[in-house]
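Listed below, chain by chain, are the residues.
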Amino acid sequence: MIIPCPWCGDRDHSEFRYGGDATKDRPKHGTGDLKEWHDYYFLFDNPKGPHTEYWQHVLGCRRWFRLSRNIATNEIGGLA
Amino acid sequence: MKRFRRLAADGRIDRARPVGARFDGKPLQGFAGDTLASALLANNKVLVARSFKYHRPRGIVSAGIEEPNGLFTLGEDATTEPNVAATVTDLYDGLIARSQNAWPSPDFDLMSVNSLLSPLFQSGFYYKTFMGPFKGSWMFYEPFIRRAAGLGTATDLPDPDRYETRYEFCDVLVIGSGPAGLAAALTAGRSGARVILAEQDSDFGGSLLSGSDAEHEAWRTASVAELQGLDNVKIRTRTTVQGLYDANLAVLVERRDHLKPNARKGQSRQILTSLRAKMIVMATGSIERPMVFSNNDRPGVMLASALRTYANRYAVAPEKRAVIVTNNDSAYDAAVDLAKAGVAVTIADHRATVEASHFARAASHGIAVFPATGIADVEGAKGISRVKLSGAHAVSIDCDVLGMAGGWSPVVHLSSHGGIKPKYDEAIAGFVPGGFAPTQFGAGAMMGVFGLAAAVADGANAGAKAASAAGFGKTRLVYPPEHVTDRTYAILPVWSAPQHGKGKAFVDFQSDVTTKDVKNAHQEGYQSVEHLKRYTTLGMGTDQGKTSNINALALMAEHRGISIPEAGTTTFRPPYAPLTMGAIAGRTVGAHFRPVRRSPLHDWHEKNGATFIDAGLWKRAWYYAWAGNSPETAYVKEMELVRRNVGLSDVSTLGKIDVQGPDAAEFLNRIYVNGFAKLPVGKVRYGVMLNDDGVVIDDGTTARISDTQFYMTTTTAQAGEVMSWLEYLLQCHWTELNVQVASLTDEWAGMAVSGPKAREALKLAFPDIDVSNEALPYMGCRDVVFEGVTLRLLRMSFSGELAYEVHVGADHAIPLWEHILKAAAPLGIRPYGLEALASLRIEKGHVAGLELDHRNTLDDLGLGKMAGKEKDYVGKALRFREDCQSPDRWSLVGLELMEPDKKLRGGSILFAANDEIKGHGRGYITSVTWSTELNKFIALGLFQGGLKHEGEEIVAAFPLRNEQAKLKIVSPHFIDHEGARLNA
Ligand SMILES: [Zn+2]
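Residues numbered from 1 in each chain as written. Chains lettered and ligands numbered in written order. Predicted model: local features only at pLDDT ≥ 70, side-chain atom pairs only at ≥ 80, totals over all residues. Heavy atoms only, no water.

Asker: Looking at this structure, how should I read the overall build of chain A?
Answerer: Scanning chain A from terminus to terminus reveals 1 helix and 6 strands. Each helix (α) and strand (β) of chain A, taken in turn from the N terminus, gives the series β-β-β-α-β-β-β. A buried classification covers 34% of the 80 residues belonging to chain A. Here the analysis covers contacts within chain A between residues at least 6 apart in sequence; of these, 45% occur between residues at least 24 apart. Both charge centroids of chain A, one from 11 positive and one from 11 negative side chains, sit 4 Å from each other. (Helix = DSSP H or I, 4+ residues; strand = E, 2+ residues; numbered from the N terminus. Buried < 20%, exposed > 50% of the residue type's maximum accessible area, 1.4 Å probe, protein only. Contact = heavy atoms within 4.5 Å. Lys, Arg positive; Asp, Glu negative; His and termini not counted. Charge placed at Lys NZ, Arg CZ, Asp CG, Glu CD.)

So this is what it looks like as C-alpha cells:
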C-alpha cells in the first residue's frame, strides 16, 4: 500500500502504524458512563469495503491522521 | 541407447565457448547458451531423476520454468541449493549439479521398491494411514516417509552468498518479452515513459527463441536493439516477477548465478526488487500441457514444444524417430522443425478432421499423420522404446521420444494475485484472466491470443494504453514482421483418453498423482478443487502444478458430470516460481537482522568489562567483570555494592519525553491515574498510565522543570508505545490542549547513583553543587550546570536505597560517567549492570515490564490506592467494569522460597498447596532473584486472589525440568517498608 501522509505525501505503508477504527467519537474526557466507554472501546463494525481508520506516520513525521481504506482490496480512498 | 544428439550447426549456443560443468561427480560438457537441461540431453542423459513417491524413472519434460521432473541439487556444502529446475539453470563453468531422490543413482535406484508398494502411496495415503490405525502411527512412519518420498535436501550451513534487496519505480512494467511483451515495451518506451521489461529467461524473445524463422528473428533482434537504445527503458533478463501486490507493487527476483558472483567482492548472487509501477502490462505467455495416458511419464516423453525448443534453440534433437501426439495445430510447427533436423516424425492427432493444409505441410517434410489417433501405452523400462497408438491407427511405433501437444494454458498467475479469479474460455480450452485492475493490462498468449501477428498487435495496443494511462499519450505503435500469417489453433480438448494401457497415467508428474488418484478423491467425496489439491497433493510441488492443474480440474469435472468453469480453479498465490530464502532475506541477516540500539555509554561498558544482554533492540550492560565472571555470582556482588555502599548504573535506555505547553500539567493529569496538576516545580512524581480499557500500559516518573515544561521517563520496553499514545491523544482527540511532546530517549543519557553513600558520591563529584537533603529532598529535581554542561539531577530510587539519577546530553555521557567514578573512587563506587538493577527492584517490590504485561489492572498490581478518587483519568470508567473487579483476579504477590536447597525459576506455574500439579495453575512467577538482604530466593508473581492469601504456603512447578518448590506468599515489599532509606 501507498499511504498519503498529510504532511509528507505518498509513502510506503511500512513507514506507518495502524491505529484502529476512526469512525467512532471518543467519549468526552471525564465521561464516567460505563456503557458509553464499553461501546466505544469494545464494539466495532467489520465492514467488507471502505473503512475509515487511524494511521500514524510513525517512521516519518509522526503525524496521526484519518484514512479511508478499502478493507477488502486495500484501495486507498484518501484522507478522511 | 542413444535418444538425443547435438546438431552440427545452428542453435543459439556459442560453439566457440565450450563450458565444463559437473553432473553427479562426472564432467558434463556443453556450450555457452546451454541450460543444464539442454546439456544433459545433448549428452544423451535422458533418465535423470526419480519420482517423488514411486521412484519411477523420469526425464526432462519441458524447456522452461514449468519443469516438473528435472530438478537437481546445485552447488556443494554451504552453497547447496536443492530442487532447482535444470530447464532454467544456465550452464556455466564450474556448475555442480547432483540428481535427487535416488540412491545410489537415478539409473539404479534402490528406492524404486516404492513402485511395488504403490498402493500405499495413493491419494489420501497420508491422511488415512497415518491418522490410524493406532495412536502414534505418524510418529512411527514419519522417518520412513521422509526418507523415501521427497526431493532434495537443503544444507544447514550458513549461506556464504550475498543477496541484495532494493526499491525501484517506473511508469510501465512489462512482464515477459515474447512477441506481445516486446511490442508492449517498445510501444510504451517510444512514448517516453520509464519502462522496465522483466524477462525470466536468459534472453529476450519468449516463443521467438524457440522458432526457426529468419524474418521473426530479425524482428526480435531489431526490437531488442531499439529497446536497448532507449534511455528511458531498462530491460532485464533472468528476472522473474514473483508476485504482484497492492498498489502495483511487483516483486522481481534477478538470478546472477551464471556470473559466479563473489560475495567477498561485494557481488550479489540474487537481487530482489520491490518495484512500484504506475502501470503493469502482463505478457506472460502460455505453457504447453502434457496429455494423460498410460505410462506418460517414461523418460523421453516430453512436451512437443520443448522438443522444438531443444532442436531450434539448443541444437539438440532426437536421435532418429519421434512420435507427436496432439489435439491442436501447434504440434505441426514442432513436427516440421524436428523433421528439418533429420528426425523421422509421426503425428498421432486426436482430431478426426485436420485441416488439409497441415496434411500437405506435413507430407512435404515426410511426416506421417494419423488422424483420430491417440496413445494407448508407452513401453520401455528406463526410457521410451515404443509407442502403442490407439484409435483409427492402432499400430506400434519404435521411437526415441514422444512429444505431447495437449494445448496451451495461458499463464494467468500474476493476473490473479490481486484476487481476481481466472475465467474459462471455451474457444481455447483454457483459463484466461478474469479481469484486471485499472492499472493493469494483459496481452498476447496469456489472454488466449495465440499467433505472432496477433500477439504483437495485442502487445502494442496494451503498451500504448498503459503508457497513456501513466501520462504518456503520444507514441508510435509497433508492428509485426511483414510476412506473418498466424496459423490456426483448432484445439479439441481430450481430457481423459480411453484407458488402453495398464500403466499409471500421470496427471501431476512432480507429485506423482495419477488419474486413479483423482478418481479416488472423487469417490471419497473430495469434490472441490481445493480439496482435490490437498487430498492428492496435486499441484503442491515446486512447479505448483503449472502443467498439471487444468488436466486434473478437467478430470474432476468429468467425474462430477459438470463443466470445467463449474468446477472452478484453485487460487494462485505468490511466489510464481521457487525462490531462495536468501533473496527474501537480502542483507537482513546476521548482525543486520534487526537494528541494534546502543546506549551513549556503550563504548565505556565495552572497554570496562561489561557483558551485554539483549533487551528488545538494546544492548545493555548485564554485569561487570569486577564483580565476577558469571551472571549468577556477579549480580549478587553488585547488589551488595548498592545496598551497602554506592554503585553507578546506566539507565539511558529509559524512554525520555519532553512535554511542553501551557496545558502540559492538565495533559499529564489526564493520562496518569494520579494527580499531576499540582506537582510543584522542582518535584518528581511516580505515575501510572492506563489504556482506555483500564489496563496498565506503563509506569514511570515525571519531573516538573517549569510551569509549562515536564520531563517524563517511561520503561525501556514501552518508550515507543507511550510516545505514540501521547501523540494519538493530542493529535486525534484532545486538540483543545496546547501541548507538544518530543522524544529525548536518544538525545539524553541517564545514570543512577544508588546506595547509602550516594550523596557522598555526588558531593565528591560536584563539590560546588548543594545536594543536601534540604536542597534536593526525596523526589526533588534540579537542573544544574557543571563545567558548562547542564545536568538534570533527580532524586528518586528504583532500588529502594538513597539514590539519584543524573541525566545529561548524550555527548557528555562518557566524560560525566568517568568523572563520577573517579571523584567517588575513595568511597569504592563501581558500575552495576541490568541484572543487579532488576534484582534490587524485585527486593523493593517495584513492578516492571514483566509485571506490566498489558493484562493487569491497577488493583492487580496493588496500585489501586494511587488513583485519584475525584480526578478524571484515562481508563477510569472501564477500570471499574465487573471483570476488573473480580476478587479472584491474578494479582501481585511477593514470594519467598521455603526450601533453601532448591532454586526458583521465572515462569514457574503456581498452585495452591493441595492442588493437583496440572494445567495452568493459579498464577505464575514473573520475576525471581536471590535476595542479599534476606539470604534466600524471592520472587514477584501473579496469584489468584493475590494478597488475600498472604502467609499461605503454595507450590511453584516448573514442568520443563520436573521441579517443584514450596513458597510462602508475602508482601511484595521485601525491604524497608517505612522508606527510611529513601528519605535518608
Ligand atoms: Zn509524514
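Asker: What am I meant to see in helix α18 (residues 664–671) of chain B here?
Answerer: The α-helix advances 3.6 residues per turn, and as a result positions three or four apart in sequence lie on the same side. Residues and elements named next belong to chain B. Among the 8 residues that make up α18, 7 are buried, leaving the element largely enclosed by the rest of the structure. Within α18, burial applies to A664, A665, F667, L668, N669, R670 and I671. Those residues of α18 that are buried lie in contact with β35 (655–660), β36 (684–690), β37 (696–706), β38 (709–714), α19 (719–733) and β39 (740–743).

Asker: Just to check I follow, could you spell out the coordination of the zinc ion for this structure?
Answerer: Angles between donor atoms at a metal ideally measure 109.5 degrees for a four-coordinate tetrahedral arrangement and either 90 or 180 degrees for a six-coordinate octahedral one. All names here are of chain A. Here the zinc ion is held by the protein donor atoms C5 (SG), C8 (SG), H57 (ND1) and C61 (SG), which lie 2.0 to 2.3 Å from it. Around the zinc ion, the 4 donor atoms are arranged such that angles at the metal cover 101 to 119°; this shape is classified as tetrahedral. Sequence spacing among the residues donating to the zinc ion works out to C-x2-C-x48-H-x3-C. Here C5 is found in strand β1 (residues 2–5), whereas its partner H57 is found in the loop between β4 (50–56) and β5 (64–70), with 52 residues between them in sequence. Comparing C5 with H57 shows no difference in burial state: the two are buried. (Donors = N, O, S within 2.8 Å, 3.2 Å for Na, K, Ca; no water. Tetrahedral: all angles 85-135°; square planar, octahedral: opposite > 155°, others 65-115°.)

Asker: Just to check I follow, could you spell out the pattern of salt bridges for this structure?
Answerer: Two side chains bearing opposite charge may form a pair once their charged atoms approach each other closely. All names here are of chain B. Within this structure, the stated rule accounts for 58 salt bridges over all chains. R594 is the salt-bridge partner of D614, the closest N and O atoms lying 3.9 Å from each other. Highlighted residues: D614 in strand β32 (residues 610–615) and R594 in the loop between α15 (581–585) and β31 (597–598), separated in sequence by 20 residues. Residue D614 is classed as partly exposed on the basis of its relative accessible area of 44%. By relative accessible area, R594 is classed as partly exposed at 39%. Shared partners join several salt bridges into a network, and the residues in it are R643, E801, E843, E933 and R981. (Salt bridge = Lys/Arg side-chain N within 4 Å of Asp/Glu carboxyl O.)

Asker: For this particular structure, what's the right way to read empty space enclosed by the protein?
Answerer: Where empty space is left can be seen by rolling a probe of water-molecule size over the atoms. Residues and elements named next belong to chain B. Evaluated as defined, the whole model comprises 6 cavities of 30 Å³ or more. Of the volumes computed, that of the largest cavity is approximately 190 Å³. If you go around the largest cavity, you meet 16 residues; those closest to its centre are S409, P410, N549, I550 and F572. Broken down by secondary-structure element, the contributors of at least two residues to the lining of the largest cavity are β25 (408–410) and α13 (549–560). Looking at which element gives the most residues to the lining of the largest cavity, the answer is α13, with 3 residues. Of the residues in the lining of the largest cavity, the class split is 7 nonpolar, 8 polar and 1 charged. (1 Å grid on protein atoms, 1.4 Å probe; cavity = no way out; pocket = protein on both sides within 12 Å on 5 of 7 lines; lining within 4 Å. Points joined across faces, edges and corners; volume = space filled by probe spheres on them. Nonpolar A, V, L, I, M, F, W, Y, C, P; charged D, E, K, R; others polar.)

Asker: When you look at the environment of T35 of chain B in this model, what are you seeing that I'm missing?
Answerer: Residue and element names in this part refer to chain B. Examined against the element boundaries, T35 turns out to sit in the loop between β3 (26–32) and α1 (36–42). Judged by its relative accessible area of 6%, T35 falls in the buried class. Along the primary structure T35 and H920 are separated by 885 residues, whereas in three dimensions their C-alpha atoms are 59 Å apart. Among all residues touching T35, those that are not within four sequence positions of it are A86, T87, T89, D90, L91 and Y314.

Asker: Help me understand the environment of I613 of chain B, please; the structure alone is not making it clear to me.
Answerer: Residues and elements named next belong to chain B. Tracing the backbone through its elements, the reader meets I613 in strand β32. Taking the C-alpha atoms as reference points, I613 and Q944, 331 residues apart in sequence, are found 32 Å from one another. If we ignore the near neighbours within four places in the chain, the residues touching I613 are W618, K619, R620, W622 and L834.

Asker: Explain the interface of chain B and chain A here, please?
Answerer: You'll often see interface size given as the accessible area lost when the parts meet. Counting residues at the interface gives 24 residues for chain B and 23 residues for chain A. Both faces considered, chain B and chain A share a buried interface measuring about 2,100 Å² in area, 54% of it formed by carbon and sulfur atoms. Run the count over chain B and chain A and you get 4 salt bridges. Of the charged contacts, one joins R17 of chain A and E721 of chain B as a salt bridge, the two residues approaching to 3.4 Å between their closest N and O atoms. (Buried area = accessible area lost by both parts, 1.4 Å probe.)

Asker: Honestly, the pairing of strand β11 (residues 233–236) of chain B in this entry has me stumped. Any pointers?
Answerer: Residue and element names in this part refer to chain B. As paired elements, strand β10 (residues 195–198) and β11 share 4 bridges and run parallel to each other. Residue pairing in the sheet places I196 in a bridge with K234 of β11. Following the backbone out of β10, through helix α6 (residues 214–229) and into the adjacent parallel β11, one traces a crossover that is right-handed. (Pairing = 2+ DSSP bridges. Right-handed = clockwise from strand over helix to strand, strands pointing away.)

Asker: Before we go on, may I ask you to explain the confidence of the model for chain B in this structure?
Answerer: Detail in the predicted coordinates should be disregarded across regions flagged by low pLDDT. Residues at a pLDDT of 70 or more form 95% of chain B, whose mean pLDDT is 93. For this predicted complex, the interface score ipTM comes out at 0.98, alongside a pTM of 0.88. (pLDDT = per-residue confidence, 0-100.)

Asker: What should I look at first to understand the domain arrangement of chain B in this one?
Answerer: By domain assignment, chain B separates into domain 1 (4–116), domain 2 (163–286 + 410–469), domain 3 (598–652 + 747–832), domain 4 (655–743) and domain 5 (881–983). Computed over C-alpha atoms only, the centres of domain 2 of chain B and domain 4 of chain B are separated by 54 Å. (Domains from an automatic or database assignment.)

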